[in-house]
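Each chain is listed here by its residues.
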Amino acid sequence: KVDEINAAGGLKVGADIYNNIKVVSYDHKARADEATTVAKRLVFQDQVKYILGNNVGATQAAAQLVTEPNKVFFSFGAWGKELLGTSKPYSFRNYVSTWEIADPFYEWVHKNFPEVKTLAILDPNDTSGWDSAKGGMTAAEKLGIKTVAEVYYERGTSDFGPFVTKILAAKPDMVDFSGSPPGDAALVAKGLHERGYKGVKIFLAGIDPKPFMDIAGSAADETHMALGWDLQGNYARPALKTLTEKYNAKYPAEPLTTVGLANYAIGGVVFETMSKIASTDVDKVIQAIGVPGKQFDTVMGPITLGGKETYGIDRQFLHPFVISVIRSGKLIDLEEIKPIGLR
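Everything numeric in this text was worked out from a predicted model, so none of it was measured. (Residues numbered from 1 in each chain as written. Predicted model: local features only at pLDDT ≥ 70, side-chain atom pairs only at ≥ 80, totals over all residues. Heavy atoms only, no water.)

What follows deals with helix α9 (residues 238-250). One full turn of an α-helix is made of 3.6 residues, so residues set three or four places apart face in the same direction. Over its 13 residues, α9 runs 19 Å from end to end, which matches the ideal 18 Å to within 8%, given 1.5 Å per residue. The elements touched by buried residues of α9 are α1 (2-7) and α10 (258-277). (Helix = DSSP H or I, 4+ residues; strand = E, 2+ residues; numbered from the N terminus. Expected span 1.5 Å × (residues − 1). Contact = heavy atoms within 4.5 Å.)

Enumeration over the complete set of coordinates arrives at 10 salt bridges. Lysine 1 is the salt-bridge partner of glutamate 4, the closest N and O atoms lying 3.9 Å from each other. Exposure remark for glutamate 4: the relative accessible area of 28% places this residue in the partly exposed category. Between arginine 327 and glutamate 222 there is a salt bridge whose closest N-O contact spans 2.8 Å. Taken together, the residues arginine 327 in strand β14 (residues 321-327) and glutamate 222 in the loop between α8 (209-216) and β10 (223-225) connect sequence positions 105 residues apart. With relative accessibility at 35%, the residue arginine 327 sits in the partly exposed group. A relative accessible area of 35% means that glutamate 222 is categorised as partly exposed. Here the residues in one salt-bridge network are Lys1, Glu4 and Lys246, joined through shared partners. (Salt bridge = Lys/Arg side-chain N within 4 Å of Asp/Glu carboxyl O. Buried < 20%, exposed > 50% of the residue type's maximum accessible area, 1.4 Å probe, protein only.)

One way to put it is that α10 packs onto helix α11 (residues 282-289) with a least axis distance of 10 Å and a crossing angle of 105 degrees. With respect to each other, α10 and α11 are oriented roughly perpendicular. Contacts between α10 and α11 involve Val269, Val270, Thr273, Met274 and Ile277 from the former and Lys284, Val285, Ala288 and Ile289 from the latter. Taken together, the residues that form the contact of α10 with α11 break down as 7 nonpolar, 1 polar and 1 charged. (Axes fitted to C-alpha atoms, helices over the stretch in contact; angles between N-to-C directions. Parallel < 35°, antiparallel > 145°, perpendicular 65-115°, else oblique. Nonpolar A, V, L, I, M, F, W, Y, C, P; charged D, E, K, R; others polar.)

The structure is reproduced here in structure tokens:
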């Protein structure tokens, strides 16, 4: 997004033109202490007023202890219900979370796999994982699906054998890899496959299908995903297909995912708002973005700011999502769904 703005002559904000926008980024390493350190560096050393980037639940809360009191606009992808709220007015989630997609995704799964009566759910043992699991289990319960195994593991785990054993011992009809990173989910999928699991496999997050497929191999087949859609597939708008081609040509080792896509889309919303209101003032930008019912046309499709019923404040960006399946080593999009808040 920044490359595009600079190439087009810069960002016009009133009488000013910012023609050399720079991205400043640091790695939080999925550690709370490191997140605090880099957040302080961004805010106090680099004097950043807008953070358009990512975190996981384990690091987001730590970073917010720095960003909120300093009134820094923070658009992130971390899941966790408590990460948004009236006490965090400068924090925004840039793509749909478990609380927006679990119900419609599980409803779709239940419709297509009515034989499923029991569930095992796998998640990291942190805020993102607990929240993902709770959302999935709540959605399952509404449909009469009983959770028979709730499995949590520490990030950085390399031996998933004991977790595979625990899942299989519960004899679930369906396994949800939920909010697990793709590499971790792939190792569990592989272990299940090797030990003869024949049930349904779903991936509530599934934001990065490529490493999941690369590591799991044939064990990834027939896994249904809520956020792993093909960004050049049938449900990708022309502008999204063009963006994906440009992005993947520049970064061939790490293809565009919904996480990067959300950063691009919400980055666009923020920059366009600055230009429209002729101000970079954080409070003014938030006020302009938060106009009730306002819709932004993005490469992801129409986006609105919502979430008040869930979080007490409209700080959740809402957009359509696409359910996909991995079949014979390929990602196939099946249906575009509206999340809670847009239905």
